[in-house]
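Next come the chains, spelled out residue by residue.
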Amino acid sequence: MTIPHRRPLSFWAKSSLFKNPLARAILVSSGSIPVQRNPNNASAANGGSESGRQALFRETFRILGGGSGGAIGVFPEGTSYTEPRIAQVKEGAAWAALEYLRWKEGKGEEGRLSIIPVGIVHTAKTRYRSRVSTEYYSWAESA
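Residues numbered from 1 in each chain as written. Predicted model: local features only at pLDDT ≥ 70, side-chain atom pairs only at ≥ 80, totals over all residues. Heavy atoms only, no water.

Draft legend 1. Structural detail: the sheet that holds strand 3 (residues 71–73). With parallel pairing, three strands are arranged side by side in an open sheet as 2-1-3. The open sheet is flanked by strand 2 (33–35) and strand 3, the only strands paired with a single partner. Averaged over neighbouring strand pairs, the angle between their axes works out to 30° when direction is ignored. Both strand 1 (residues 9–14) and strand 2 contribute to a ladder of three bridges, which runs parallel. In the strand pairing of strand 2, lysine 14 is matched with valine 35. (Pairing = 2+ DSSP bridges. Helix = DSSP H or I, 4+ residues; strand = E, 2+ residues; numbered from the N terminus. Axes fitted to C-alpha atoms, helices over the stretch in contact; angles between N-to-C directions.)

Spelled out as structure tokens, the structure:
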């Protein structure tokens, strides 16, 4: 709702959320991408034909390279949580960004990617419809 320029945003979501048919329909229709918690195992969702990491990157690259201004939302800690501080950041988001640039270069295209840190703070995350504050950090602001 607060994304600038009404850009389409797809989130990475843990693959177990896609097991429930209703949740799956909502997640798929909103452009969410399943993330395997253990990416070395073959993904049951795609018939086991490729690893979870390959499927994640393929779908991520499709959205980022689609020309529609698509963006990917990632909680770099690997989850959303209620703590008032940042948890240990995992390497998946950075790895995907680097692989995307390598993929673009391999296609002979200029590789550009903006990473915009976003802070999300809930006043009472466990309460339905609690207030949420969202802040986008721009590198230009810090220069």
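Draft legend 2. Layout of the pattern of salt bridges. For the structure on display, the rule yields five salt bridges. Salt-bridge contacts for arginine 58 lead to glutamate 59; the nearest nitrogen and oxygen are separated by 2.7 Å. A salt bridge links glutamate 59 to arginine 62; its shortest N-O distance comes to 2.9 Å. Taken as a pair, glutamate 59 and arginine 62 lie in helix 2 (residues 52–64) at a separation of three residues, close to a single helical turn. Judged by relative accessible area, which is 21%, glutamate 59 ranks as partly exposed. Members of the salt-bridge network, linked through shared partners, are Arg58, Glu59 and Arg62. (Salt bridge = Lys/Arg side-chain N within 4 Å of Asp/Glu carboxyl O. Buried < 20%, exposed > 50% of the residue type's maximum accessible area, 1.4 Å probe, protein only.)

Taken by themselves, the reported measurements are silent on function.
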